[in-house]
Protein chains: 2
Amino acid sequence: MPTNRQVLIRSLPEGSLAAENYELVTLEAPNPAAGEVLCRTLAISIDAGSRAGLQGSASYAGAPTTGIVMNGTVVARVEESEDDAVPLGSIVTCGAGWQDYSVQPAADLTVLSDEVDPIHYLGLLGGTGMTAYFGLLDITDPQPGETVMVSAAAGAVGHLVGQIARIKGCRVVGVAGDDEKCRRLVDELKFDAAVNYKNAGFRNELKEVTPNGVDVYFDNTGGMVLGSALFRMNLNGRISCCGVVSQYDTSTPEPGPKGVPGLLVNKRLKMEGFLVFDYADRYPAAREEMIGWMNDGSLVPWIDEVVGLENAPTAFVDLLAGGNVGKRVVRVSA
Amino acid sequence: MPTNRQVLIRSLPEGSLAAENYELVTLEAPNPAAGEVLCRTLAISIDAGSRAGLQGSASYAGAPTTGIVMNGTVVARVEESEDDAVPLGSIVTCGAGWQDYSVQPAADLTVLSDEVDPIHYLGLLGGTGMTAYFGLLDITDPQPGETVMVSAAAGAVGHLVGQIARIKGCRVVGVAGDDEKCRRLVDELKFDAAVNYKNAGFRNELKEVTPNGVDVYFDNTGGMVLGSALFRMNLNGRISCCGVVSQYDTSTPEPGPKGVPGLLVNKRLKMEGFLVFDYADRYPAAREEMIGWMNDGSLVPWIDEVVGLENAPTAFVDLLAGGNVGKRVVRVSA
């Protein structure tokens, strides 16, 4: 049997997450039984939302536990199969978590098409891309000519949201945490503007780049950036609440923005949270549209690859500090 | 000419509003020109939302000014008419503000039906009632069997919201600021439960009276009660943001609730603000339905009448402190 490295949750973080909250162990890879397959992990999706699962209180990511393999979606190759429906060599996605090998029930697996690089099933075509697609289009219904603002704009979800909004004919303004990210959003992804929320003049800069206000705000962060967006929103604006990355990596979250609910009333705003799993039956059609945009060059997916399973903890800690540009994945094997 | 008493805004409040922010002056009543009528004020609507118009920053109530008649909707009787379309003796509503007499363009007036006591055009059939009707039914679409929670439940809007929800087959839970109000909501208006947010055990009591959680929350207050509601909301819950009475009468508003936007995401909640004026073209149909409910006894409108124009300032200050039960009006003449 091959050896299997696993990254376990050693302890729950108090304050910020650290690589020391994880430990790497090595054991024998498991054997698939009838109806199961052995999956070799090719790459792991690193998601800010997973941080919520490490909080002391339960969240949508479930109650936290130690001593288990860190959770995560992966793309994998089938290396042993005890089920004819999923032959050897198939490429699949599954929730294997942070390890080299896992045994999966064949019935739970979808064999991926080989028309696109499988890595995109962790980004554009995975939960990340579906989140951008439905969270923007279904929750906010952006119209041509409207201004769409997105926070964590260089992140896995944000860089797709901005591009989808641009494809829909909107003016797109991104907010990110460093000047180089802002430059790349404008130069490489054709955002109309991008501003750095860490600048002292952020609120004024945001005002300058949204001369007609903001009709749609896609919120990945909560906190101060949400508060600033509320002041720029136009009448009948829509806010899609996707996540709270500014608040995940702490034991002492900020209070909510002052404009809630006063500005919601004055401006007739709608704020709506969503979870992408609710749209699962519409993923196939969304993926088809996303592949079309990627193939014609109107949508550029950024993949931010870190090599080596042993580096997954630092890759995650760095992501929470805003170190990623686009979709961060950990490459485990070729 | 009759004399006309006017209540002027003498100064803008710093901190809480006080009767001393107003002054009473007496002058001659104006003369109507061609196309105008002279209106004698019968009663004035006292609205918490008017407090927002006295803030240092502009709100939906407009920028604040001193030296002008305090704004307010009134019901009035036409005592002189220079327009045949509005004959002497007609009962009308208009934005006369806090004074005995005003001249109004006849073309702006709607002559009220004499089928109902005109005072209801300040409550059930006025902006207050329309706010309850559209803010509940259009924004949240409550379904039979769902639990509807409302804050400032004994207030002008709240006591109607709860009754409309009950008529729609919902379980209704009110939140108010004293035990006697809570008792009356249950005994007289048939709320399923009412809890006093000033009690130390408020959060536990709220939990006890919402054993199946909260599907719809009608928020008149913002602040702590909104924060508590967020924790009781069910998946796919809807929050109608109607006003922020907890925050009007202060220069130092509280921060927003901690659950925003985190709980919106986890529970797929929708929060939506509205202003009732947007529904003006549907008022006639709504009024017809409200009159039907009042006439068959399923909806009981509470009128809280203070007598005397000179008492309008204290009636307003007291309202902001939660002194009213139901719709507060100031009776100016018979």
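Since the structure is predicted, the reported quantities are computational estimates derived from the model, not experimental observations.

Trainee: Describe the sheet that holds strand β12 (residues 233-241) of chain A, with residues and values.
Mentor: On the basis of which strands lie adjacent, the open sheet formed by twelve strands has the order β10(A)-β9(A)-β8(A)-β11(A)-β12(A)-β13(A)-β12(B)-β11(B)-β10(B)-β7(B)-β8(B)-β9(B) and mixed pairing. Edge positions in the sheet fall to β10 (193-196) of chain A together with β9 (193-196) of chain B, since each has one partner strand and no second. Here the strands of the sheet are splayed against their neighbours by 15° on average, with no regard to which way each runs. Note: strand β7 (residues 147-151) of chain B against strand β10 (residues 214-219) of chain B, three bridges, orientation parallel. Along β10 of chain B, the bridge assignment pairs M149 of chain B with Y217 of chain B. Sitting on the sheet, helix α2 (residues 158-167) of chain A touches β8 (147-151), β9 (171-176) and β11 (214-219) of chain A, and the angle it makes with β8 of chain A is about 175°.

Trainee: Could you give me a rundown of the relation of the copies chain A and chain B, with the residues and numbers involved?
Mentor: When chain A is fitted to chain B, the residual RMSD is 0.0 Å, and the transformation amounts to a turn of 180° plus an axial shift of 0.0 Å. In short, the pair behaves as if placed about a two-fold rotation axis. Among all residues of chain A, the one whose C-alpha sits closest to the rotation axis is G256 of chain A, at a distance of 2.1 Å. Mapped onto chain B, 100% of the interface residues of chain A are again interface residues, and the two copies thus contact each other with one and the same surface.

Trainee: Could you give an account of the interface of chain A and chain B, naming the residues involved and the relevant values?
Mentor: A common way to state how big an interface is: give the accessible area lost once the parts meet. Facing 30 residues of chain A, the contacting portion of chain B comprises 30 residues. Where chain A abuts chain B, roughly 2,300 Å² becomes buried across the two surfaces, and 66% of that area is made up of carbon and sulfur atoms. The three residues of chain A that bury the most area against chain B are P261, V265 and R268 of chain A, which together make up 24% of that side's buried surface. At the boundary of chain A with chain B, the tally comes to two salt bridges. Between R268 of chain B and D278 of chain A there is a salt bridge; the shortest N-O distance is 2.8 Å. Joining chain A to chain B, the criterion identifies eight residue pairs in polar contact (both at pLDDT 80 or more). Where the side of chain A that touches chain B is concerned, the elements lending two or more residues are α7 (262-266) and β13 (270-273) of chain A. Grouping the constituent residues of the side of chain A that touches chain B by class yields 16 nonpolar, seven polar and seven charged.

Trainee: Pulling in residues and values, what's your account of helix α8 (residues 283-295) of chain A?
Mentor: All names here are of chain A. Here α8 spans 18 Å end to end across 13 residues, near enough to the 18 Å set by a 1.5 Å rise per residue. Tucked inside the fold, the buried residues of α8 contact α1 (127-140) and α2. Residue G297 follows α8 closely and has a positive phi angle near 85°.

Trainee: Let's hear about the pairing of strand β5 (residues 91-94) of chain B: which residues, and what values?
Mentor: All names here are of chain B. Across the two faces of β5 the burial differs, with V92 and C94 buried and I91 and T93 not buried at all. Of the strand pairs in this sheet, strand β4 (residues 74-81) and β5 are connected by four bridges, and their pairing is antiparallel. Bridge pairing in β5 links A76 to V92.

Trainee: Explain the pattern of salt bridges residue by residue, including any values.
Mentor: Considering all chains together, one arrives at 28 salt bridges over all chains under this definition. Among the ionic pairs, R331 of chain A bridges to E305 of chain A, the shortest N-O distance being 3.4 Å. Of the two residues, R331 of chain A sits in strand β15 (residues 327-331) while E305 of chain A sits in strand β14 (residues 303-307), which places them 26 residues apart along the sequence. A salt bridge links K327 of chain B to D47 of chain B; the nearest nitrogen and oxygen atoms lie 2.8 Å apart. With K327 of chain B in strand β14 (residues 327-331) and D47 of chain B in the loop between β3 (36-45) and β4, the pair connects residues that are 280 residues apart, well separated along the chain. Here K327 of chain B falls in the buried class, since its relative accessible area comes to 2%.

Trainee: I'd like to hear about the environment of L88 of chain B, residue by residue, with values.
Mentor: Residues and elements named next belong to chain B. Within the secondary structure, L88 is located in the loop between β4 and β5. Between the C-alpha atom of L88 and that of L27, which follows or precedes it by 61 residues, the distance is 23 Å. In this structure, L88 is in contact with V78, E79, E80 and S81, ignoring residues within four places of it in sequence.

Trainee: Describe the domain arrangement of chain A, with residues and values.
Mentor: All names here are of chain A. Once the domains are mapped, chain A shows domain 1 (3-123 + 302-331) and domain 2 (127-277). Spacing between the C-alpha centres of domain 1 and domain 2 amounts to 28 Å. Buried surface at the junction of domain 1 and domain 2, both sides included, amounts to about 1,600 Å², of which 52% is carbon and sulfur. Seen at the junction of domain 1 and domain 2, the total is zero salt bridges. At the surface where domain 1 touches domain 2, the tally comes to seven residue pairs in polar contact (both at pLDDT 80 or more). Grouping the constituent residues of the side of domain 1 that touches domain 2 by class yields eight nonpolar, eight polar and four charged.

Trainee: Residues and numbers for empty space enclosed by the protein, please.
Mentor: Residue and element names in this part refer to chain A. Tallied over the full model, the rule gives one cavity of 30 Å³ or more. Its boundaries defined by the atoms lining it, the largest cavity holds a volume of some 40 Å³. Taken together, G123, L124, T128, A156, H159, L160, P301, W302, I303 and K327 make up the full set of residues lining the largest cavity. Of the residues assigned to the lining of the largest cavity, the class counts are six nonpolar, three polar and one charged. Counting only domains with at least three residues in the lining of the largest cavity, you end up with domain 1 (3-123 + 302-331) and domain 2 (127-277).

Trainee: Describe the packing of helix α1 (residues 127-140) of chain B against helix α2 (residues 158-167) of chain B, naming the residues involved and giving the relevant values.
Mentor: Residues and elements named next belong to chain B. Where α1 contacts α2, the axes come no closer than 9 Å and their chain directions differ by 45°. Judged by the angle between their axes, α1 and α2 are oblique. Viewed along their axes, α1 and α2 form a crossing whose handedness is right-handed. Together, G129, A132, Y133, L136 and L137 of α1 and L160, V161, I164 and A165 of α2 make up the contact between the two elements. Counted by class, the contact of α1 with α2 contains eight nonpolar, one polar and no charged residues.

Trainee: Any details on unusual backbone geometry? Residues and values, ideally.
Mentor: Cis geometry is found at the peptide bond from V260 of chain A to P261 of chain A, where omega equals 5°. Here P261 of chain A is to be found in the loop between α6 (245-248) and α7. Although it is not a glycine, R268 of chain A adopts a positive phi angle of roughly 50°. Turning to its location among the elements, R268 of chain A is positioned in the loop between α7 and β13. For R268 of chain A, a relative accessible area of 17% translates into the label buried. If you check the backbone angles, D141 of chain B has positive phi at about 45° while not being a glycine. Counting through the fold element by element, D141 of chain B comes out in the loop between α1 and β7. Given the relative accessible area of 47%, D141 of chain B is considered partly exposed.

Rules behind the numbers
Residues numbered from 1 in each chain as written. Chains lettered and ligands numbered in written order. Predicted model: local features only at pLDDT ≥ 70, side-chain atom pairs only at ≥ 80, totals over all residues. Heavy atoms only, no water. Pairing = 2+ DSSP bridges. Helix = DSSP H or I, 4+ residues; strand = E, 2+ residues; numbered from the N terminus. Axes fitted to C-alpha atoms, helices over the stretch in contact; angles between N-to-C directions. Contact = heavy atoms within 4.5 Å. Least-squares fit on C-alpha atoms with pLDDT ≥ 70 in both. Buried area = accessible area lost by both parts, 1.4 Å probe. Salt bridge = Lys/Arg side-chain N within 4 Å of Asp/Glu carboxyl O. Polar contact = N/O pair within 3.5 Å; in protein donor to acceptor, adjacent residues only side chain to side chain. Nonpolar A, V, L, I, M, F, W, Y, C, P; charged D, E, K, R; others polar. Expected span 1.5 Å × (residues − 1). Buried < 20%, exposed > 50% of the residue type's maximum accessible area, 1.4 Å probe, protein only. Domains from an automatic or database assignment. 1 Å grid on protein atoms, 1.4 Å probe; cavity = no way out; pocket = protein on both sides within 12 Å on 5 of 7 lines; lining within 4 Å. Points joined across faces, edges and corners; volume = space filled by probe spheres on them. Parallel < 35°, antiparallel > 145°, perpendicular 65-115°, else oblique. Left-handed = near helix turned anticlockwise from the far one by under 90°.

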